[in-house]
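# Chain and residue survey
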Amino acid sequence: MRNVLLATAALTLIAAPAMAQSIPNPQVNGSIGYTQLDGDDASLGAVTGRLTANFNRYVGVEGEASFGVVDDEITVAGVSGDISHEYDAAAYLVGTLPINPNFELFGRVGYGTTSIKAEAAGLSATEDGESVNYGAGANYFFDGRNGVRADWTRRDFTDDNGGELDTYGLSYVRRF
């Protein structure tokens, strides 16, 4: 975790001298895709939408929201049941390193909330968790406007139960 945070901080510091070279209007990207959520006890799937606003070539903000589409089966104390991803939402500070006009690497750090629902033996329970999130990824644009995004994000939950959740995403991305 510390290495990812240090890499994100280093990326932001490297970009700091260029912050004065702002884009005339913030560049906005939108993306939609599939996210795999892997925890200790379950593997879930979600559809994720994101909106990113870059203030210059190196620094921006991002908001994302997801809803579950793939559930998993769990067994607790000999009782089988289902676990599902209800939704999540997060906001990030993003540092970007443009490699060329069509390819860029990014690191992000932010805060989010996740809701998971479990059902077993006719009972159901929903658990919401707040998390500090950090990750990295890449965007590749085929024609300067349309492209793909691949990313990894770790969610470190801050509640009493704690825990971590890794997400892996693949999305279509569009520059506006």
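Each remark here, short or long, concerns the structure printed above.
Here the structure is a predicted model, which means the values were calculated and not measured. Sequence order as written defines residue numbering, which begins from 1 separately in each chain. Residues qualify for local features only when their pLDDT is at least 70, as the model is predicted, and side-chain atom pairs are given and counted only at 80 or more; totals for whole chains, interfaces and linings, by contrast, use all residues. The basis for the side-chain values is all heavy atoms of the structure; hydrogens and waters are excluded.

### A word on the overall build of the protein
Assigned secondary structure in the protein consists of 1 helix and 9 strands. Helices and strands in the protein line up, N terminus first, as α-β-β-β-β-β-β-β-β-β. Across the 176 residues in the protein, those meeting the buried criterion constitute 41%. Pairs of residues are marked as contacts when any of their non-hydrogen atoms sit within 4.5 Å. Considering only contacts in the protein between residues 6 or more positions apart, those separated by 24 or more positions represent 55%. Here the Shrake-Rupley method, with its probe set to 1.4 Å, supplies the accessible areas, and only the displayed protein chains count as covering residues. Of the roughly 9300 Å² of accessible surface on the protein, a fraction of 60% belongs to carbon and sulfur atoms. Runs of H or I in DSSP of at least four residues are treated as helices and runs of E of at least two as strands, each being numbered from the N terminus. Burial classes: relative accessible area under 20% of the type maximum marks a residue as buried, over 50% as exposed, and values in between as partly exposed (1.4 Å probe, protein chains only).

### A look at the side chain of Arg-149
Counting through the fold element by element, Arg-149 comes out in strand 8 (residues 146–157). In contact with Arg-149, other than residues within four places in its own chain, are Ser-31, Arg-50, Thr-52, Glu-62, Phe-106, Arg-108, Ala-138, Asn-139, Gly-169, Leu-170, Ser-171 and Val-173.

### Some words on a nonpolar patch on the surface
A surface patch of nonpolar side chains, about 440 Å² in accessible area, is lined by Tyr-34, Phe-67, Val-69, Val-70 and Tyr-87. At 3 residues, the largest contribution of residues to the nonpolar patch is made by strand 3 (residues 59–70). Among the secondary structure elements, Tyr-34 is positioned in strand 1 (residues 22–38). Like charges within 9 Å and nonpolar side chains (Val, Leu, Ile, Met, Phe, Trp, Tyr) within 5 Å are joined into patches, using only residues over 30% in relative accessible area that form no salt bridge. Put simply, a salt bridge is a Lys or Arg side-chain nitrogen that is within 4 Å of an Asp or Glu carboxyl oxygen.

### With respect to a negative patch on the surface
Counted charges follow a simple rule, with Lys and Arg positive, Asp and Glu negative, and His plus the chain ends left uncounted. Taken as the charge location is NZ of Lys, CZ of Arg, CG of Asp or CD of Glu. Residues Asp-71, Glu-73, Asp-82, Glu-86, Glu-127, Asp-128 and Glu-130 make up a contiguous surface patch of negative charge. Broken down by secondary-structure element, the contributors of at least two residues to the negative patch are strand 5 (79–100) and strand 7 (123–141). Looking at the element boundaries, Asp-82 is found in strand 5.

### Some thoughts on the pairing of strand 9 (residues 164–175)
Along any regular strand, the residues point their side chains to alternate faces of the sheet. A strand pair is defined by DSSP finding two or more bridges across the two strands. Two elements, strand 8 and strand 9, share 11 bridges in a ladder whose sense is antiparallel. For Trp-152, the partnering residue across the bridge sits in strand 9 and is Tyr-168.

### What to know about the environment of Val-173
The residue Val-173 is located in strand 9 in this model. We classify Val-173 as buried; its relative accessible area is 3%. On a C-alpha basis, the gap between Val-173 and Ile-32 in space is 6.7 Å, while along the polypeptide they are 141 residues apart.

### Some words on the nonpolar core
Nonpolar core, defined: a set of buried Ala, Val, Leu, Ile, Met, Phe, Trp, Tyr and Cys residues in which side-chain atoms within 4.5 Å join the residues together. Core analysis: the biggest nonpolar cluster contains 8 residues, these being Leu-37, Ala-42, Leu-44, Ala-46, Ile-74, Ile-83, Phe-157 and Leu-165. With sequence-adjacent residues up to four places away left out, Leu-165 is seen in contact with Leu-37, Asp-38, Gly-39, Thr-153, Arg-154, Arg-155 and Phe-157.

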